[in-house]
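# Notes for the structure review
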Amino acid sequence: KRFEEKFSEYTGLDGCITTCNGSTALELAISLCDLNKNDEIIAPDLTFASPVNSAIRSNCKVSLVDVNKSNMCLDMNSLLNTITHKTKVIIIVNLYGFPFDVKKLRKLISPDILIVEDCAESLGSFRDGKHCGFYSDFATFSFFGNKTITTGEGGMLFCANKDKKEEAKI
């Protein structure tokens, strides 16, 4: 509980929930999106396996999108061109500490599309004075041995929606 409180205080992401690792935080976030097999999830084509595996295990259609060479995050134009009426979730992955511009994306997409932001490699990264994950519906973190802060294993989940946060705790 103290770790969750200190983590939430540092990131400004209220009410973070610990998980056994970053992959389970992603799995939990996707499970909270109320998806069905006809829905679509968009994910980057350059990432660790967990974001894409979490999308695949949802039994939805998964569309992979190229990343931008300058920051290794999703290419905004390619992403926008991939969105369809079936798109329900976009998984953002902040590689190597580079934060994707989620605030800009929010302005360009339907408010019905949920954003799951994988911040495993961007703990301590800020955009517009806000920590990564702030503008997303869900943000996930990892504390595996190669991450910024390590507990040997472990993860963290942030849910912007209070009802989803309570559901995640259950």
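Below, the structure is looked at part by part. Starting afresh in each chain, residues are numbered from 1 along the sequence in its written order. Where local features are concerned, this predicted model is filtered to residues with pLDDT of at least 70; where side-chain atom pairs are given and counted, the filter is 80 or more; whole-chain, interface and lining totals use all residues. In computing side-chain values, all of the structure's heavy atoms are included and hydrogens and water are not.

### Some points on the overall build of the chain
The following threshold applies: Numbering goes from the N terminus for both helices and strands, where a helix is a DSSP run of H or I of at least four residues and a strand is a run of E of at least two. Our radius of gyration looks at C-alpha atoms and nothing else; its globule reference is 2.2 Å times the residue count to the power 0.38. Remark: exposure states derive from per-residue accessible area (1.4 Å probe, protein chains only) relative to the maximum for the residue type, with buried under 20%, exposed over 50%, and partly exposed in between. Contacts between residues were defined by any pair of non-hydrogen atoms, one from each residue, lying within 4.5 Å. What sets the accessible areas is the Shrake-Rupley method with a 1.4 Å probe; for residues, cover comes only from the shown protein chains. Positive charges are assigned to Lys and Arg, negative charges to Asp and Glu, while His and the chain termini are left out of the count. One atom stands in for each charge, and that atom is NZ of Lys, CZ of Arg, CG of Asp or CD of Glu.
If you tally the helices and strands in the chain, you get six helices and nine strands. In terms of overall dimensions, the chain is globule-like: its C-alpha atoms have a radius of gyration of 15 Å, near the 15 Å expected for 170 residues. Sorting the 170 residues of the chain into buried and exposed places 47% on the buried side. Put simply, of all contacts in the chain between residues at least 6 apart along the chain, 56% involve residues at least 24 apart. Within the structure as shown, the chain displays about 8,600 Å² of accessible surface, and the carbon and sulfur contribution to it stands at 51%. The distance from the centre of the 20 positive side-chain charges to the centre of the 22 negative ones in the chain is 2 Å.

### Some points on the pairing of strand β8 (residues 138-142)
This is how the line gets drawn: Each pair of strands is called paired provided DSSP finds at least two bridges between the two strands.
Buried residues dominate β8, accounting for five of its five residues. Every second residue of β8 is oriented toward a common face, with F138, T140 and S142 on one face and A139 and F141 on the other, all of them buried. Where β8 meets strand β9 (residues 155-159), five bridges bridge the pair, whose relative direction is antiparallel. Looking at β9, one finds that T140 is bridged to L157.

### Quick look at the nonpolar core
To be explicit about the condition: By convention a nonpolar core is built from buried Ala, Val, Leu, Ile, Met, Phe, Trp, Tyr and Cys residues, the set being connected through side-chain atoms within 4.5 Å.
Ranked by internal contacts, the top residues of the largest apolar core, which has 21 residues, are I41, V89, I91, V116, F138 and L157. Elements that contribute at least two residues to this core include exactly α2 (22-31), β2 (40-44), α3 (49-57), β4 (87-93) and β9. Tallying contributions element by element places α2 first for this core, with four residues. Once residues within four sequence positions are removed from consideration, V116 is found in contact with L26, A29, I30, C33, V89, I90, I91, I92 and F138.

### Some details on the environment of N81
By secondary structure assignment, the location of N81 is in helix α4 (residues 76-82). In this structure N81 comes out as exposed when scored by relative accessible area, which is 68%. Linking N81 and S31, residues 50 residues apart in sequence, is a C-alpha distance of 25 Å.

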